[in-house]
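Below are the chains, spelled out letter by letter.
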Amino acid sequence: DGGDSWNPIVRDFPAVLSVEVTGPATQRTLLDALEARYPMLRGTIRDHQTQTRRPFLRFFACEQDISHESADVLLPESVASGEDAVFIIGAIAGG
């Protein structure tokens, strides 16, 4: 497959991932915890150097697109408490 298949990464993940965040619940601390628990995701959600969100990925919390918010803005309380989830979704583009 030329090495560009997601199958080796995706096959080992459950449908929903759960992580414990240390400190305030922000996009940054959430992604830090996610990458610490699942190191194979490093560089797939955010750039290695800049730590910015990769293009064509969107973050949603409480039915709101939070993709363009600062990585250090607090996530909604319902997310921090574990009541609601953050969804990381690949955008679909084409023509």
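Residues numbered from 1 in each chain as written. Predicted model: local features only at pLDDT ≥ 70, side-chain atom pairs only at ≥ 80, totals over all residues. Heavy atoms only, no water.

### Topic: the side chain of serine 67
By the secondary structure assignment, serine 67 is in the loop between strand E2 (64-65) and helix H3 (77-80). Taking relative accessible area as the criterion, serine 67 reaches 5% and is therefore assigned buried. Side-chain polar atoms of serine 67 contact the side chain of aspartate 65, separated by 2.5 Å. Apart from the residues within four sequence positions on either side, serine 67 is in contact with Arg53, Leu57, Arg58 and Phe59. (Helix = DSSP H or I, 4+ residues; strand = E, 2+ residues; numbered from the N terminus. Buried < 20%, exposed > 50% of the residue type's maximum accessible area, 1.4 Å probe, protein only. Polar contact = N/O pair within 3.5 Å; in protein donor to acceptor, adjacent residues only side chain to side chain. Contact = heavy atoms within 4.5 Å.)

### A word on the sheet that holds strand E3 (residues 86-90)
The strand order E2-E1-E3 describes an open sheet built from three strands, whose pairing is antiparallel. The open sheet terminates on both sides in strands that have one partner only, identified here as E2 and E3. Here two bridges tie strand E1 (residues 57-61) to E2, and the two strands are oriented antiparallel to one another. Bridge pairing in E2 places alanine 61 opposite glutamine 64. (Pairing = 2+ DSSP bridges.)

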